[in-house]
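Coordinate analysis (summary)
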Amino acid sequence: MIAASVNDAFLVVVLASAIVYGTPLVYAALGELLAERSGVLNLGVEGMMLVGAVMGFWTVQRLDVTGNASLAGALAVAALAGAAMSVIHAFLVITLRANQIVSGLALTIFAGAAGLSSYLGNDLKLADSPAKHHFSELDVLGLADAPVVGPILFGQSLLVYASWLAVAVVGVYLARTRPGLNVRAVGESPATADAMGIDVARYRYLHTLVGGALAGVAGACYSLQITPQWVTGITGGAGWIAIALVIFSFWRPDLLLAGAYLFGAFSALPFTLQARGYLSDVPAEVFQALPYVMTVVVLVIVSTGFEKRRLGAPAALGTPYVREER
């Protein structure tokens, strides 16, 4: 009884919910971080997330298997859908050397809430039907009901624990492995990396595709866990928050995790307040706008070139590489 009462406390509920709402941001921002470390700015994250969300949900509804096999297949399809969208962006900005900002924005418009993802959802008749299978909370080591730490650390879904592993893997990859150091060199000085025999285009393609796959998984977090159904625009602009989160975390995976949960807390706050009847006179939209207000503040702070350099952004971020011009 005491543990249940403690776990129902406002702060505990908000912290546990922050992890849930922050998890898709972790996946999407990790993907964006990898792409940016290679020098590719991907503003199409939101579109990739939406396509991943609709295709992941479609797989769960149509795949004739049950339980974990269905969910694993849905995540795989969502990742492939996000990667397929990122191929378009990679071809435009790496091979054709198109403007990376324009390409990313065009991709988001094409695949966004009023584009491809909405068409797929309507054409496949996915709206207004709950997911047949979805990710639910686990009881790790039987500690999900432990006071305070239970719901926060031991009562989360498999997607949450996989995101922690992904953060660790990306951190070690970038700091401790030769390919990780190579991709950082490509993002800092592609001409120097090329002179050392590193294939700049290959590294940029690979990390942009991995980034798109992670964005697809992030989208599936919404349609298979947070809101287990398909709704047009289900991500609600989270892709833009993920992009700002990369800057907010100084391009570091460990800080990215903490930042994602901070943004997740702002996302969870209005629902927790509404459920408890707090500040009922304040429109819910005021609280729902908090993550986006914070996003704008972060982007304004780091908008100058001086701040960009000081915060550790890859020097060649957004700059196409042409071997003949080095």
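Residues numbered from 1 in each chain as written. Predicted model: local features only at pLDDT ≥ 70, side-chain atom pairs only at ≥ 80, totals over all residues. Heavy atoms only, no water.

1. Considering the overall build of the protein
The number of helices and strands found in the protein is 16 helices and 0 strands. In terms of overall dimensions, the protein is globule-like: its C-alpha atoms have a radius of gyration of 20 Å, near the 20 Å expected for 326 residues. Residues classed as buried in the protein amount to 51% of the 326 residues present. Long-range pairs, those at least 24 residues apart, make up 76% of the contacts in the protein between residues at least 6 apart in sequence. Total accessible area on the protein stands at roughly 14800 Å², and carbon and sulfur atoms take up 67% of it. (Helix = DSSP H or I, 4+ residues; strand = E, 2+ residues; numbered from the N terminus. Rg over C-alpha atoms; globule rule 2.2 N^0.38 Å. Buried < 20%, exposed > 50% of the residue type's maximum accessible area, 1.4 Å probe, protein only. Contact = heavy atoms within 4.5 Å. Areas by Shrake-Rupley, 256 points an atom, 1.4 Å probe, with all protein chains shown as cover.)

2. Concerning a nonpolar patch on the surface
Together, Ile101, Leu105 and Trp240 make up an exposed nonpolar region whose accessible area comes to about 250 Å². Within the secondary structure, leucine 105 is located in helix H5 (residues 100-111). (Patch = residues over 30% accessible without salt bridge, like charges linked within 9 Å, V, L, I, M, F, W, Y side chains within 5 Å. Salt bridge = Lys/Arg side-chain N within 4 Å of Asp/Glu carboxyl O.)

3. Notes on the packing of helix H3 (residues 45-62) against H5
If you want to describe how two helices pack, look at the angle between their axes and the distance between the axes. Where H3 meets H5, the closest approach of the two axes is 7 Å, and the angle between their N-to-C directions is 30°. It follows from the interaxial angle that H3 and H5 lie roughly parallel. In the packing of H3 onto H5, the handedness of the crossing is left-handed. Two secondary-structure elements touch here, H3 through Val45, Glu46, Gly47, Met48, Leu50 and Val51 and H5 through Leu107, Thr108 and Ala111. (Axes fitted to C-alpha atoms, helices over the stretch in contact; angles between N-to-C directions. Parallel < 35°, antiparallel > 145°, perpendicular 65-115°, else oblique. Left-handed = near helix turned anticlockwise from the far one by under 90°.)

4. Quick look at helix H11 (residues 200-226)
Given 3.6 residues per turn, any residue in an α-helix points the same way as the ones three and four places further on. The first and last C-alpha atoms of H11 sit 38 Å apart over 27 residues, in line with the 39 Å expected at 1.5 Å per residue. The largest bend along H11 reaches roughly 25° and is located at alanine 220. Where H11 begins, one side-chain oxygen reaches toward the backbone nitrogen of alanine 201, 3.3 Å away; that side chain belongs to aspartate 199. (Expected span 1.5 Å × (residues − 1). Bend = angle between axes of the 7 residues up to and from the residue. Polar contact = N/O pair within 3.5 Å; in protein donor to acceptor, adjacent residues only side chain to side chain.)

5. Observations regarding the layout of surface pockets
Of the pockets and cavities examined, the second largest pocket occupies roughly 330 Å³. Lining the second largest pocket are 16 residues, with Tyr21, Thr235, Ser267, Phe271 and Tyr292 positioned closest to its centre. Looking at the lining of the second largest pocket element by element, the count peaks at 3 residues for helix H13 (residues 253-276). (1 Å grid on protein atoms, 1.4 Å probe; cavity = no way out; pocket = protein on both sides within 12 Å on 5 of 7 lines; lining within 4 Å. Points joined across faces, edges and corners; volume = space filled by probe spheres on them.)

6. Things to note about the confidence of the model for the protein
The predicted model of the protein has a mean per-residue pLDDT of 88, with 91% of residues at 70 or higher. Within the protein, the element-level pLDDT minimum falls on helix H16 (residues 305-311), averaging 53, and the maximum on H11, averaging 97. (pLDDT = per-residue confidence, 0-100.)

7. Some thoughts on the packing of aromatic side chains
Scanning all chains against the criterion turns up 2 aromatic pairs. Taken together, a centroid distance of 5.2 Å and an interplanar angle of 85° make the contact between tyrosine 161 and tryptophan 164 edge-to-face. Of this pair, tyrosine 161 and tryptophan 164 both sit in helix H8 (residues 158-176), 3 residues apart, roughly one helical turn. A relative accessible area of 19% places tyrosine 161 in the buried class. Seen from their ring centres, phenylalanine 248 and phenylalanine 263 are 5.7 Å apart, and the 80° between their planes marks the pair as edge-to-face. Here the residue phenylalanine 248 occupies a position in helix H12 (residues 238-248), and phenylalanine 263 occupies one in helix H13, the gap between them amounting to 15 residues. A residue is classified by how much of its surface remains accessible, and phenylalanine 248, at 29% relative accessible area, is partly exposed. (Phe/Tyr/Trp six-rings, centres within 6.5 Å; stacked < 30°, edge-to-face > 60°.)

8. Notes on the side chain of glutamate 36
Along the chain, glutamate 36 turns up in helix H2 (residues 10-37). It is arginine 37 that comes nearest to the buried, bridge-free glutamate 36 among opposite-charge side chains, at 8.1 Å. Ignoring any residue separated from it by four or fewer positions in sequence, one finds glutamate 36 in contact with Leu41, Val246, Trp251, Pro314 and Leu317. (Lys, Arg positive; Asp, Glu negative; His and termini not counted.)

9. What about H12?
Of all 11 residues that make up H12, 9 are buried, and the element is covered over most of its length. For H12, the set of buried residues is Ala238, Gly239, Ile241, Ala242, Ile243, Ala244, Leu245, Val246 and Ile247. Downstream of H12 by one or two residues, phenylalanine 250 has phi in the positive range, about 60°.

10. Details of unusual backbone geometry
With a phi angle near 60°, leucine 141 is a residue other than glycine that sits in the positive phi range. Here leucine 141 is to be found in the loop between helix H6 (116-123) and helix H7 (149-154). At valine 148, a position not held by glycine, the phi torsion is positive, near 65°. With respect to the helices and strands, the residue valine 148 is situated in the loop between H6 and H7.

11. Points about the nonpolar core
General note: in soluble globular proteins, nonpolar side chains tend to be found buried as a group. Among the nonpolar cores identified, the biggest contains 77 residues, and Leu30, Met49 and Trp230 are the most heavily contacted of them. Per-element tally for this core: the top contributor is H2, with 12 residues. Those residues in contact with leucine 30, other than ones at most four positions away along the chain, are Ala166, Val167, Val170, Leu214, Pro253 and Leu256. (Core = buried A, V, L, I, M, F, W, Y, C linked by side-chain atoms within 4.5 Å.)

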